[in-house]
Amino acid sequence: MRRSGFIVAIDSWLLRKGMVSLLNRIPGTTIIREFDAGDPLMRYLEHHNVDFLIISQPVFNGTTRLFLSRPGLLEKTILLKTKETPGNEQASINPDESKEALTEKIMKFMELHGAGKKDARVTVLTHRERTIIRLVSM
């Protein structure tokens, strides 16, 4: 079985380490790198691919250029959000959720987005979708 590589980009040290610990307990996952800010993440992803990315809202807000230049990355991204952050429930998690709920959501996300498959889906965002991402990130 192919292991799915995760990058964890969360500004809070405690939340980042907790997420890494949780991911290490999910079979078939491995942590590739950890980041606490968007700039080092963007520099890393210029030269490397990733299976999945878990990113906090503050880091996401600073990396919108990255998602505009690599729209397929959005399909591989799980947003760590606060209660106040609106968003797609399927592609987001909340730090207040239980370990079991977080694990289940991550495993469903991996299954839904082809973890373990050799062929990665490539999706190009429409002009309207790129505009929405740009406006939401402001």
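Up top you'll find the structure we're talking about.
Residues numbered from 1 in each chain as written. Predicted model: local features only at pLDDT ≥ 70, side-chain atom pairs only at ≥ 80, totals over all residues. Heavy atoms only, no water.

Peer 1: I'd love a proper account of the pairing of strand β3 (residues 52-56), names of residues and values included.
Peer 2: The buried count for β3 comes to five of five residues, which makes it a mostly enclosed element. Of the pairings in the sheet, the one linking strand β1 (residues 4-9) to β3 comprises four bridges and is parallel in character. Bridge pairing links Val8 to Ile54 in β3. Looking at chain direction, β3 and strand β4 (residues 77-80) are connected through four bridges and run parallel. Its bridge partner being in β4, Ile54 is matched across the sheet by Ile78. (Buried < 20%, exposed > 50% of the residue type's maximum accessible area, 1.4 Å probe, protein only. Helix = DSSP H or I, 4+ residues; strand = E, 2+ residues; numbered from the N terminus. Pairing = 2+ DSSP bridges.)

Peer 1: Quick one: what's the story with the packing of aromatic side chains, residue by residue and with numbers?
Peer 2: What the rule picks out here adds up to four aromatic pairs. Ring geometry for Phe6 against Phe52: centres 5.2 Å apart, planes inclined by 25°, an arrangement best described as stacked. Highlighted residues: Phe6 in strand β1 and Phe52 in strand β3, separated in sequence by 46 residues. The residues Phe6 and Phe52 share a single accessibility class, namely buried. Pairing Phe60 with Phe67 gives two aromatic rings, centres 5.0 Å apart and planes at 45°, and the pair type is tilted. In this structure, Phe60 and Phe67 share a single accessibility class: buried. Taken together, Phe6, Phe52 and Phe109 form an aromatic cluster joined through their ring pairs. (Phe/Tyr/Trp six-rings, centres within 6.5 Å; stacked < 30°, edge-to-face > 60°.)

Peer 1: How would you sum up the sheet that holds β1? Please name residues and give values.
Peer 2: The strand order across the open sheet formed by five strands is β2-β1-β3-β4-β5, and the pairing between neighbours is parallel. One side of each edge strand has no neighbouring strand; the edge strands of this open sheet are β2 (29-35) and β5 (92-93). Strands in contact with helix α1 (residues 13-24) are β1, β2, β3, β4 and β5; relative to β2, the strand with the most contacts, it is inclined by about 165°. Strands β1, β2 and β3 of the sheet are contacted by helix α2 (residues 38-45), whose axis makes an angle of about 125° with β2. (Contact = heavy atoms within 4.5 Å. Axes fitted to C-alpha atoms, helices over the stretch in contact; angles between N-to-C directions.)

Peer 1: Run through the pairing of β2, naming residues and quoting values.
Peer 2: If a strand is regular, its side chains alternate between the two faces of the sheet. With six bridges connecting them, β1 and β2 associate as parallel partners. Following the sheet pairing, Gly5 is matched in β2 by Thr30. One crossover worth recording links β1 to the parallel β2 by way of α1, and it is right-handed. (Right-handed = clockwise from strand over helix to strand, strands pointing away.)

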